[in-house]
Amino acid sequence: MLYQQINGLLNPNEPTVTNLSNVVAALKQTFEKISWVGFYLSKEEMLYLGPFQGKVACTRIKFGNGVCGTSALKKETQVVPNVHEYPGHIACDVETNSEIVIPIIFNNNVYGVLDLDSTQFSAFDETDKIWLEKICELIANKLELKSFLI
Ligand code: SME
């Protein structure tokens with residue numbers, strides 16, 4: 001299954017960009033409903049675009065802005081069934097209709113977020129939230145997190 005596959009892919013001896021690149025590929029090839037998946041990595045209350053698959057995206061998001069910035073600031077997963085009803089949503093791709101963003105937290109610090117978008121409405125449910133949070137926890141625990149910082 002996906003969790004075990006990602007556990008196998010993560011290698012703390014490889015650079016962070018290498019590990020995260022394969023995580024986004026594993027997610028993208030597993031779920032047809034994903035139109036965009038990627039990481040934003042944090043430095044000084046700013047999120048910077050990291051490894052992703054999908055269309056060209058915005059390069060930086062301030063903590064507190066959009067779905068990603070809200071997740072980073074609140075240290076909470078954001079499940080958005082309809083992005084058009086989310087105040088402050090940052091539209092990178094006009095075809096996106098729903099989104100989930102999971103923070104990557106270690107020792108109470110936010111190292112980044114994992115963002116998944118879909119052209120379907122309500123594409124992500126409670127089961128996705130639970131497993132994606134487990135995957136982000138695995139990433140946080142397995143990788144050398146100081147190397148997340150740009
Ligand atoms: N929609 C996100 C921005 C990132 S893109 O979807 C890739 C947001 O509101 O934070």
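Rules used in this analysis
Residues numbered from 1 in each chain as written. Predicted model: local features only at pLDDT ≥ 70, side-chain atom pairs only at ≥ 80, totals over all residues. Heavy atoms only, no water. Near = heavy atom within 4 Å. Polar contact = N/O pair within 3.5 Å; in protein donor to acceptor, adjacent residues only side chain to side chain. Areas by Shrake-Rupley, 256 points an atom, 1.4 Å probe, with all protein chains shown as cover. Helix = DSSP H or I, 4+ residues; strand = E, 2+ residues; numbered from the N terminus. Nonpolar A, V, L, I, M, F, W, Y, C, P; charged D, E, K, R; others polar. Pairing = 2+ DSSP bridges. Axes fitted to C-alpha atoms, helices over the stretch in contact; angles between N-to-C directions. Contact = heavy atoms within 4.5 Å. Buried < 20%, exposed > 50% of the residue type's maximum accessible area, 1.4 Å probe, protein only.

Novice: Sorry if this is basic, but what is going on with the site of the ligand here?
Specialist: Neighbouring the ligand are 13 residues, the closest being V67, C68, I90, E99 and D117. V67 is positioned such that a nitrogen or oxygen atom in its backbone is 3.0 Å from an oxygen atom of the ligand. In this structure, an oxygen atom belonging to the ligand sits 2.8 Å away from a side-chain N or O atom of D117. Here the ligand, which alone exposes 310 Å², has 99% of that area covered by the protein. If you list the elements that add at least two residues to the shell around the ligand, you get strand 1 (36-43), helix 3 (66-74) and strand 6 (109-118). Sort the elements by how many residues they give to the shell around the ligand and helix 3 lands first, with three residues. Of the residues belonging to the shell around the ligand, the class tally is eight nonpolar, two polar and three charged.

Novice: What should I look at first to understand the sheet that holds strand 4 (residues 78-80) in this one?
Specialist: Neighbouring strands of a sheet are bound in pairs by backbone hydrogen bonds; such pairs are parallel or else antiparallel. Ordered by their spatial adjacency, six strands build an open sheet running 3-2-1-6-5-4, and the pairing between neighbours is antiparallel. The two strands at the open ends of the sheet, each matched to only one other strand, are strand 3 (60-62) and strand 4. The average undirected angle you get between the axes of adjacent strands in this sheet is 25°. Looking at chain direction, strand 2 (residues 46-53) and strand 3 are connected through three bridges and run antiparallel. Pairing of Y48 across the sheet is with R60, part of strand 3. The sheet strands contacting helix 3 are strand 1, strand 2, strand 3, strand 4, strand 5 (98-106) and strand 6, and the helix crosses strand 5 at an angle near 30°.

Novice: Just checking my understanding: could you explain unusual backbone geometry for this structure?
Specialist: Excluding glycine, residues mostly have negative phi values, and the peptide bonds linking residues are mostly trans. At E44, a position not held by glycine, the phi torsion is positive, near 45°. By the element assignment, E44 lies in the loop between strand 1 and strand 2. Residue E44 is classed as exposed on the basis of its relative accessible area of 72%. The phi dihedral of N108 falls on the positive side, at around 70°, and the residue is not glycine. For N108, a relative accessible area of 54% gives the class exposed.

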